[in-house]
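# Reading the structure
So the chains spell out like this:
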Amino acid sequence: MPGDEVPKPYVLSKNAPIAKKWESPLREVATVPPLEATAQEKERHRIYSLLLLSLMRRYFNGNRNGPRGVYPWRTGQREDDGRYAGGDYLGHNIGALAVDGSGDVIDFDFNHNQIFNSSAEHAEARLIRRVFSLTQIYDDWQTRKPTDPPRSKGYSTILSDVTVYTSLESCAQCSGVMALGQVGQVVYLQRDPGTYHIGNIMWNLTAREAGGGEKAQIKATAPRPIPGSEIDLPYFDELNELYRAYYQAVRTKPFHEWKGKKDKTGALTAFLCTDDALGVFERARKEFAGLTKAKLTYPKYRPKKPGAKTNQEVLAVAERFLQYAAEVGRRGTPHNL
Ligand SMILES: [Zn+2]
């Protein structure tokens, strides 16, 4: 009976990762095992995460529905003339940062959906496209693993040593662009239920064990998604909980009121305009501003990579980058450090 045929994966080898996962329950395919990062590595990830959250604060704009009307969740952002701080809304409060293999920040970008009137101008996708462009003209970023073939032989490995930090869990588009770029890993600072765990699923469906014995390691085409909870970043749980509370309360306390109409959207991008979200970004900014090398637990830690910077050097890089991005740069422009 044709209807009784069990579908099989379209693969050329039974060892293909998707073939091995074909009978697995979805919860397994959608779950990535814990990172098992060392305390030294976690501290390093947190420095970049705090830099990104500081950039979120610097470029924050809550005027998703314009500067007028009443935003019950934004009382702290109201100015003396009754309008709300922020001016023109270019896109959502979602940003991303790319870091090379030695620890230098390559660039950052933001969501620009509004200004392009598009639902696809996401921070990570915009960032990856620009980093590809930047690495064509400036060659000193350590974007590739030393063992990779010469650059002229393949754009697919140009970004293999790059880590992306993104303020929000990546969607299918951005996970796809990062997978095409073969970005090594992506650290995200808040969950997005709207992405249906696609980053995790892609990692699982491309992950295979390489090598054997003690040297065995997992290699995947898609970047490994790392939630902020795994690098001990408290703002991760805070943002997740605050969004959950917003989602439950927005029916009785609308996001926006204008000319008798109430916008009760539970969209995550609306939550990211609230005083609650801004408060988290502001506290992270203060933490980063108060961070000194004396406060680092592992200032001398250096990954085992040629030319890699120590954690205290990484902190200096991150501070310089924030100064540039906040004072000289603009939201979504290439940097010139
Ligand atoms: Zn996206």
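Right, let's walk through the structure included here. (Residues numbered from 1 in each chain as written. Predicted model: local features only at pLDDT ≥ 70, side-chain atom pairs only at ≥ 80, totals over all residues. Heavy atoms only, no water.)

A tally of helices and strands in the protein yields 11 helices and 9 strands. A compact globule built from 337 residues would reach a C-alpha radius of gyration of about 20 Å, and the protein, at 21 Å, matches this within 12%. With respect to the three principal axes, the spread of C-alpha positions in the protein is 65 × 65 × 35 Å. Buried positions account for 48% of the 337 residues belonging to the protein. Restricting the contact set of the protein to residue pairs at least 6 apart, pairs at least 24 apart contribute 64%. Of the side chains in the protein, 47 bear a positive and 39 a negative charge, and the two mean positions are spaced by 1 Å. (Helix = DSSP H or I, 4+ residues; strand = E, 2+ residues; numbered from the N terminus. Rg over C-alpha atoms; globule rule 2.2 N^0.38 Å. Buried < 20%, exposed > 50% of the residue type's maximum accessible area, 1.4 Å probe, protein only. Contact = heavy atoms within 4.5 Å. Lys, Arg positive; Asp, Glu negative; His and termini not counted. Charge placed at Lys NZ, Arg CZ, Asp CG, Glu CD.)

Inspection of every chain in the model, using the stated rule, returns 15 aromatic pairs. Judged by centre distance (4.9 Å) and plane angle (80°), the rings of Tyr71 and Tyr84 are edge-to-face. Here the residue Tyr71 occupies a position in the loop between α3 (39-58) and β1 (95-99), and Tyr84 occupies one in the loop between α3 and β1, the gap between them amounting to 13 residues. Ring centres 6.2 Å apart and planes at 70° place the aromatic pair Tyr243 and Tyr247 in the edge-to-face group. One end of the pair is Tyr243 and the other is Tyr247, both in helix α8 (residues 234-249) and 4 residues apart, which spans about a single turn. (Phe/Tyr/Trp six-rings, centres within 6.5 Å; stacked < 30°, edge-to-face > 60°.)

This part is about the coordination of the zinc ion. The coordination sphere of the zinc ion, as far as protein atoms go, consists of His122 (ND1), Cys171 (SG) and Cys174 (SG), spread over 2.1 to 2.3 Å. One chain supplies every donor for the zinc ion, spaced along it as H-x48-C-x2-C. Taken as a pair, His122 in the loop between α4 (113-116) and α5 (123-137) and Cys171 in the loop between β3 (163-166) and α6 (172-180) lie far apart in primary sequence, 49 residues in all. Like His122, the residue Cys171 is buried in the burial classification. (Donors = N, O, S within 2.8 Å, 3.2 Å for Na, K, Ca; no water.)

So, on to α8. Between its terminal C-alpha atoms α8 stretches 23 Å, which fits the 22 Å expected from 16 residues at 1.5 Å a residue. Of the surrounding elements, those touching the buried residues of α8 are α3, β4 (185-188), β7 (224-227), α9 (268-271) and α10 (275-289). (Expected span 1.5 Å × (residues − 1).)

This next bit is on the nonpolar core. A general trend in soluble globular proteins is that nonpolar side chains are found buried together. Among the nonpolar cores identified, the biggest contains 55 residues, and Leu51, Leu55, Leu97, Phe108, Phe288 and Phe321 are the most heavily contacted of them. Counting only elements with at least two residues in this core, the list comes to α3, β1, β2 (105-110), α8, α9, α10 and α11 (311-328). One finds Ala98, Ile128, Leu134 and Cys174 within the second-largest nonpolar core, a separate group that totals 20 residues. (Core = buried A, V, L, I, M, F, W, Y, C linked by side-chain atoms within 4.5 Å.)

On to the pattern of salt bridges. In this structure the tally under the stated criterion is 11 salt bridges. Across the pair Asp232 and Lys42 runs a salt bridge, and its minimum N-O distance is 3.6 Å. With Asp232 in the loop between β7 and α8 and Lys42 in helix α3, this residue pair connects regions lying 190 residues apart in the sequence. The buried category is assigned to Lys42, whose relative accessible area is 18%. The salt bridge partner of Lys286 is Glu282, with a shortest N-O separation of 3.9 Å. Here Lys286 and its partner Glu282 are both found in helix α10, 4 residues apart, which amounts to about one turn of the helix. Each member of the salt-bridge network shares a partner with another, and the members are Asp107, Asp109, Glu121, Arg126 and Arg130. (Salt bridge = Lys/Arg side-chain N within 4 Å of Asp/Glu carboxyl O.)

Mapped onto the elements, Lys305 comes out in the loop between α10 and α11. For Lys305, a relative accessible area of 36% corresponds to the partly exposed category.

Turning next to the sheet that holds β3. One open sheet accounts for 5 strands, arranged β2-β1-β3-β4-β7; its pairing is mixed. Each end of this open sheet is capped by a strand with a single partner; those strands are β2 and β7. Strand-to-strand, the axes of this sheet are offset by a mean angle of 20°, without reference to chain direction. In the sheet, β1 pairs with β3 via 4 bridges, with the strands oriented antiparallel. Pairing of Ala98 across the sheet is with Val164, part of β3. Of the strands in this sheet, β1, β2, β3 and β4 touch α3, which is tilted by about 140° from β1. (Pairing = 2+ DSSP bridges. Axes fitted to C-alpha atoms, helices over the stretch in contact; angles between N-to-C directions.)

Two measures define how a pair of helices packs: the angle their axes make with one another and the distance between the axes. Contact geometry for α3 and α11: axes closest at 10 Å, N-to-C directions at 10°. With respect to α11, the axis of α3 lies roughly parallel. Only Asn311, Val314, Leu315, Ala318, Phe321, Leu322, Ala325 and Ala326 of α11 make contact with α3, whose side of the interface consists of Gln40, Glu43, Arg44, Ile47, Tyr48, Leu51, Ser54, Leu55 and Arg58. Of the residues contributing to the contact of α3 with α11, the split by class is 11 nonpolar, 3 polar and 3 charged. (Parallel < 35°, antiparallel > 145°, perpendicular 65-115°, else oblique. Nonpolar A, V, L, I, M, F, W, Y, C, P; charged D, E, K, R; others polar.)

Moving on to the pairing of β7. Of the two faces of β7, both are covered, the one formed by Arg224 and Ile226 as well as the one formed by Pro225 and Pro227. Pairing of β4 with β7 involves 4 bridges; the strand directions are parallel. Within β7, the position partnered with Val187 by the bridge is Ile226.

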